[in-house]
Amino acid sequence: MASTAERGTWGSKAGFILAAAGSAVGLGNIWGFPTQVGQGGGAVFVLVYLLCVLLICLPIMMAELMIGRHAQLAPVGSYAAIRPNTRWWLVGLLGVLAGAGILSFYSVIAGWSVAYIWFAGTGAVTGDAEAVGAFFSDFTANGPLSVGLTLVVLGATATVLLGGVQSGIERVTKLMMPALIALLLVLAVRATTLPGAAEGLAYYLRPDFSRLLDPMVLLAALGQAFFSLSLGMGAMLTYGSYLSKRSSIVSAACWVVLLDTSMALLAGFIIFPSGFSIAGFDPSASGPGLIFTVLPRLFATLPGGQLFGAGFFVLLTMAALTSTISLLEVPVAHFIDVHRWPRRRAVLLVTTAVFLIAIPSALGNGAVATLGTLPGLGIDFLTVMATVWNEFALPIGGLLTAVFVGWIWRADQAITEVQLHGTAFPGQHVWSFLIRWVCPAAIAVIIGFAVYTVASA
Ligand code: TRP
């Protein structure tokens, strides 16, 4: 196994929090969350989402950090170190594969965002709903262009990772995160002061209680919470493996959850008021269309809209980049730890492999186009991938993590990892109850409920 010096560590606790929050805040917050709120009944979705975050995801975030910091290895190595000669390392392997799988479609959308900085900034996307929609479908139908943009995103991500943990990941996210937060705040102020904003706010904050017990809403909220917080595949575990034994896992986890959740809520304050201030907006319209076809129309009608639009896509690109960094770091760290590869070789080979599996998503695989919800927009393979990973793979990974920490490694052992060097663990009994009982049961019930609904439909 690689020594700590080769693996790297965070320079400070704040550096860790910004890097982990950078992983969490991404397309999932700015595009995914408002889209899901639109489809899931407005404020009711927000309510269910917040419950999932607090009762299920926060305890699992702590659990991932505990595993990683205890073993100081990437997922496969960590599970194997804590329970050698068992099959638990397979959970780690699932995470490594999920990292590459998620990155393969995530980098395609991030590539579109890069192109839209240019399109929005130069005023290339104008006209009515139809024209802007056609622009988006023509653009995404250009396979070679999407493939090229995906390569740009993966190349930028790989470049950061070559710098290692402290002078690569930490240095870049420390610069980007404050800029991201500032830009989101400015855009939220701009959006909520637009004419027609009140209607959008009413939609965002109006609860439709008939959806409260809809199993599909519960599943979507759970999947969204896992995705948004980068949980269920060992990304937080890997970041936790670079954390100093003196830092408090509990406060670090609370900070990351707080930052991620506020950024998602803030994105709602940008998208809904903006959407409702233009004619013919349908809040339940799904997919990347929400961002790439609705917002450019708004920017085109605003004074200074080109600047506002370019700013928005710069924001989206930065948010995506700090997330692709964490997705790529999981398989990279795996090869460094388990196969003792030098970082450089791990980064180059993993990036190449991810690029190859990203090509079908970038080309908008026509074969599965009929499965999607936005025919003709060329995003369907992506939609399918996103649903599979989001709503099933991540919650299942989270469930296994909770069972592992609560019952196999055991909650009391995990708690001693938190309490090293006399660090306090306020609410340790609550955490231990949540991780052993509430997390596994709630996730199993929600997944079971949703599978049953789909099967009997
Ligand atoms: N959380 C990021 C977002 O909201 C995406 C992401 C980064 C992720 N790393 C992850 C999702 C690990 C799941 C697991 O956009």
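Before going into details, it helps to say that this report is about the structure given with it. Please read all numbers here as calculations on a predicted model, not as lab measurements.

### Here's the deal with the pattern of salt bridges
In step 1: For the structure on display, the rule yields six salt bridges.
In step 2: Salt-bridge contacts for Glu 170 lead to Lys 174; the nearest nitrogen and oxygen are separated by 3.7 Å. Of this pair, Glu 170 and Lys 174 are both found in helix H9 (residues 164-192), four residues apart, which corresponds to roughly one turn of the helix.
In step 3: For Lys 174, a relative accessible area of 39% corresponds to the partly exposed category.
In step 4: Members of the salt-bridge network, linked through shared partners, are Arg 69, Lys 245 and Glu 417.

### Describing the packing of aromatic side chains
In step 1: For the coordinates displayed, the defined rule picks out 29 aromatic pairs.
In step 2: Note on Tyr 204 and Phe 272: the rings are 5.1 Å apart at their centroids and 25 degrees apart in plane angle, and the pair reads as stacked. With a gap of 68 residues between them, Tyr 204 in helix H10 (residues 197-205) and Phe 272 in helix H13 (residues 249-276) connect regions that are remote in the sequence. Here the two residues Tyr 204 and Phe 272 agree in accessibility, since each one is buried.
In step 3: Every member of this aromatic cluster is reached through a ring pair, and the members are Trp 112, Tyr 116, Phe 119, Phe 135, Phe 136, Phe 139, Phe 292, Phe 312 and Phe 313.
In step 4: The aromatic ring of Trp 407 is capped on one face by Arg 436, whose charged end is 5.5 Å from the ring centroid.

### Some remarks on the packing of helix H4 (residues 43-71) against helix H5 (residues 75-82)
In step 1: At a minimum axis distance of 9 Å, the contact between H4 and H5 shows a crossing angle of 80 degrees. Considering the angle they form, H4 stands roughly perpendicular to H5. Contacts from Ile 67, Gly 68, His 70 and Ala 71 in H4 reach Ser 78, Tyr 79, Ala 81 and Ile 82 in H5.
In step 2: In the contact of H4 with H5, the residues fall into five nonpolar, three polar and no charged.

About the criteria used
- Residues numbered from 1 in each chain as written.
- Predicted model: local features only at pLDDT ≥ 70, side-chain atom pairs only at ≥ 80, totals over all residues.
- Heavy atoms only, no water.
- Salt bridge = Lys/Arg side-chain N within 4 Å of Asp/Glu carboxyl O.
- Helix = DSSP H or I, 4+ residues; strand = E, 2+ residues; numbered from the N terminus.
- Buried < 20%, exposed > 50% of the residue type's maximum accessible area, 1.4 Å probe, protein only.
- Phe/Tyr/Trp six-rings, centres within 6.5 Å; stacked < 30°, edge-to-face > 60°.
- Lys NZ or Arg CZ within 6 Å of the ring centre and 35° of its normal.
- Axes fitted to C-alpha atoms, helices over the stretch in contact; angles between N-to-C directions.
- Parallel < 35°, antiparallel > 145°, perpendicular 65-115°, else oblique.
- Contact = heavy atoms within 4.5 Å.
- Nonpolar A, V, L, I, M, F, W, Y, C, P; charged D, E, K, R; others polar.

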